[in-house]
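These are the residues of each chain, in order.
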Amino acid sequence: MQTLSTSVVSLHSYVESHTNEKKLSKTSDKKVSIIYFLALFYTFLSLGFGAGLIGPTLLKFGEQINSPLDRVVYILFARSFGFLVGTLAGGFLIDAFPLLGRTFLACSLFFMSATTIMIPFMYHIIPMIMVHLMWSLTAGVVDNLAQLLTIRYYAQVNFNPYLQALHGAFGVGAFLSPLIIAPFLQSTSPPDQWHYAYWLIGCLHIPNLVWISIYAIRDELCSKKPKEITLENKEVILEDTKLETTIAPDDQTKSPGKVLFLGLITVFILLYVGGESAFGAYIHTYASLHLNFKKDIAAYLNSVFWASFAISRFCGVALSIKLSAIQMLLADLFGCIGSMSLLLILNKSSLAIWIGSVLFGLSVGSIYPSAIAFTEKQISLTGKRMSILSVGGSAGDAVIPLLIGYMINPKLLGPIGFIIILLIVIISASLIYGFTLLYVNFQLKKMKNTKK
């Protein structure tokens, strides 16, 4: 759901970096608050908590609603669809009501906390799917608003490190969540013991809700100068429009070359996001069914993956200074193929699954920001293009986990189908990326010959 680390706003940050130069001269005297950033950091930590819960409890959902796994996976589809809609809704809300961003964020956190607490009370598949859909809708809004509020507040400084830290917080939350739930999944625990983990995580959202609500009440609901702020926002929007027109004169053109490039990158992101989401959702199920891991031990395996994912995100900030986006993507894709091949070849080894999970997390963590940086080098990322990439990522997040859930049915591929399909997805993504590089090089040579 990093993923979703795939929202429109995170993509928008690359375009915003061009427009910030003029705003710097007007707002450089404003002091930034690290306390406010910690509140937003906590928000992404909460998103990570929710994303990390789903994998270790997928089998528990099936037991509670008395449904086979191939029906339970529709929960994953509902979450992905809801997140996409929530992301788009969050962008609409902040554009339509630019002065109420923190208020909408606080309301969304309230519903995210409430739906997390409600999930254990669902004993039929339709109500379970509906509650997960509600959670993902609000999570999509939270994801979008938190990033945009970060960009706006820290526009007078370099906000990219703050955004990178937000995405790292998601990984930390996804790492901690399985650790929290593991003690409730022990074989000696009552069947419904996992309910307490959801209630605990739901309550952990409450301090964040209060924190953001204080800012919303102080800075938005009780603000005494809304007209001045509105005029300032309008001025900034006009400045941004002029700057974007100057910097990206090709935004209105629709050459076949740009369309094909954007299509290739969209398919690449679709495959990558789907693979990352599927691994986080199914590694617990695979370890339990194929290697007979105890459910609490398999939950720790989930944590190991998300820990390596978070480390990769944080290390990617430093590595991106020394390496180009192309170099990072090549290294990451080789790492993904190598780790999945290890899991397939040594699929009966308990040690291999631990090593493979760590290697896959380290490799997959920095692919998304590197892919966006690579795209931004080739074409100007307008709002429409960013939306296309976002929809592609969300489609992968919905379709690939659903496909794996269907194929790991014992009558088809069985649990090993999880590894086989993921390896095919990663190899396909690598081939798409290789073809994209060849196409970019071909376009560059074509441009040089035209100039001659």
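What counts as what
Residues numbered from 1 in each chain as written. Predicted model: local features only at pLDDT ≥ 70, side-chain atom pairs only at ≥ 80, totals over all residues. Heavy atoms only, no water. Helix = DSSP H or I, 4+ residues; strand = E, 2+ residues; numbered from the N terminus. Buried < 20%, exposed > 50% of the residue type's maximum accessible area, 1.4 Å probe, protein only. Contact = heavy atoms within 4.5 Å. Phe/Tyr/Trp six-rings, centres within 6.5 Å; stacked < 30°, edge-to-face > 60°. Lys NZ or Arg CZ within 6 Å of the ring centre and 35° of its normal. Core = buried A, V, L, I, M, F, W, Y, C linked by side-chain atoms within 4.5 Å. Expected span 1.5 Å × (residues − 1). Patch = residues over 30% accessible without salt bridge, like charges linked within 9 Å, V, L, I, M, F, W, Y side chains within 5 Å. Areas by Shrake-Rupley, 256 points an atom, 1.4 Å probe, with all protein chains shown as cover. Salt bridge = Lys/Arg side-chain N within 4 Å of Asp/Glu carboxyl O. Axes fitted to C-alpha atoms, helices over the stretch in contact; angles between N-to-C directions. Parallel < 35°, antiparallel > 145°, perpendicular 65-115°, else oblique. Left-handed = near helix turned anticlockwise from the far one by under 90°. Nonpolar A, V, L, I, M, F, W, Y, C, P; charged D, E, K, R; others polar. pLDDT = per-residue confidence, 0-100.

## Focus on the overall build of the protein
From N to C terminus, the protein includes 16 helices and zero strands. Evaluated residue by residue, the protein yields a buried proportion of 55% over its 452 residues. Of all intrachain contacts in the protein linking residues separated by at least 6 positions in sequence, the fraction that spans at least 24 positions is 85%.

## A few points about the packing of aromatic side chains
A complete count under the given rule lists 23 aromatic pairs for this structure. Here the aromatic residues F170, F279, Y282, Y286, F305, W306, F309, F360 and F418 are joined through ring pairs into a cluster of three or more. The ring centre of W135 lies 4.4 Å from the NZ or CZ of R79, which sits over that ring.

## Re the nonpolar core
Counting residues in each nonpolar core, the largest one holds 117 residues, and the members touching the most others are F61, Y282 and F418. Of the residues forming this core, the biggest block, 16 residues, is contributed by helix α2 (residues 34-65).

## Overview of helix α6 (residues 125-153)
For α6, which comprises 29 residues, the first-to-last C-alpha distance of 42 Å matches the rise-based estimate of 42 Å (1.5 Å per residue) to within 8%. Across the 29 residues that make up α6, a large majority, 23, are buried.

## Concerning a nonpolar patch on the surface
Taken together, the side chains of I311, L351, I355, V358, L359 and L362 define a hydrophobic patch exposed on the protein surface, amounting to about 490 Å² of accessible area. Along the chain, I311 turns up in helix α11 (residues 295-322).

## Looking at the environment of I180
Looking at the secondary structure, you find I180 in helix α7 (residues 160-181). C-alpha separation for the pair I180 and A299, spaced 119 residues apart in sequence, amounts to 9.2 Å. Filtering out sequence-adjacent residues up to four positions away, I180 remains in contact with F49, L200, I201 and L204.

## Considering the environment of G396
Here G396 shows up in helix α15 (residues 383-407). The exposure class assigned to G396 is buried, which follows from its relative accessible area of 0%. As a C-alpha pair, G396 and T266 span 130 residues in sequence and 9.9 Å in three-dimensional space.

## A few points about the side chain of T103
Note on placement: T103 falls in helix α5 (residues 101-118). Residues in contact with T103, not counting those within four places in the same chain, are A216, E220 and L221.

## A look at the packing of α2 against α5
Running from N to C, α2 and α5 cross one another at 30 degrees; their axes reach a closest spacing of 12 Å. Taken together, the axis directions place α2 and α5 in an arrangement best described as roughly parallel. As for the relative orientation of α2 and α5, their crossing is left-handed in sense. Between α2, through Y36, L40, T43, S46, L47 and L53, and α5, the contact on the second element is made entirely by R102, L105, L109, M112 and T116. Residues that form the contact of α2 with α5 fall into these classes: seven nonpolar, three polar and one charged.

## Some thoughts on unusual backbone geometry
At N66, a residue that is not glycine, the phi angle is positive and equals roughly 55 degrees. Within the element layout of this structure, N66 appears in the loop between α2 and α3 (69-72). With phi around 60 degrees, N292 is a residue other than glycine that occupies positive phi space. Tracing the chain through its elements places N292 in the loop between α10 (256-290) and α11.

## Remarks on the packing of α5 against α6
Between α5 and α6, the shortest axis-to-axis distance is 8 Å and the interhelical angle comes to 150 degrees. When the axes of α5 and α6 are compared, the pair comes out roughly antiparallel. Like other packed secondary-structure pairs, α5 and α6 cross with a definite hand, here left-handed. Of the residues in α6, those in contact with G101, R102, F104, L105, S108, L109, F111, M112, T115, T116 and M118 of α5 are V131, M134, W135, T138, A139, V141, V142, L145, A146, L149 and Y153. The residue inventory of the contact of α5 with α6, partitioned by class, reads 16 nonpolar, five polar and one charged.

## Some points on the pattern of salt bridges
It is possible for side chains bearing opposite charge to pair when their charged atoms get close. Counted by the stated rule, this structure contains three salt bridges. Residues R102 and D219 are paired through a salt bridge, measuring 3.9 Å at the closest nitrogen-oxygen approach. Of this pair, R102 sits in helix α5 while D219 is found in helix α8 (residues 195-221), placing the two residues 117 residues apart along the sequence. Relative accessible area serves as the criterion here: at 14%, R102 is assigned to the buried category. Taking the shortest distance from any N to any O, the salt bridge between R218 and D219 comes out at 2.7 Å.

## Topic: the confidence of the model for the protein
Residue-level pLDDT values for the protein average 78, and 81% of them are 70 or greater. Across residues 2-29 the pLDDT falls below 50, and counting only partners more than four positions away or on other chains, this stretch makes 80 contacts in the model. In this model residues 226-254 is a low-confidence stretch, pLDDT under 50, and it forms 30 contacts with partners more than four residues away in sequence or in other chains.

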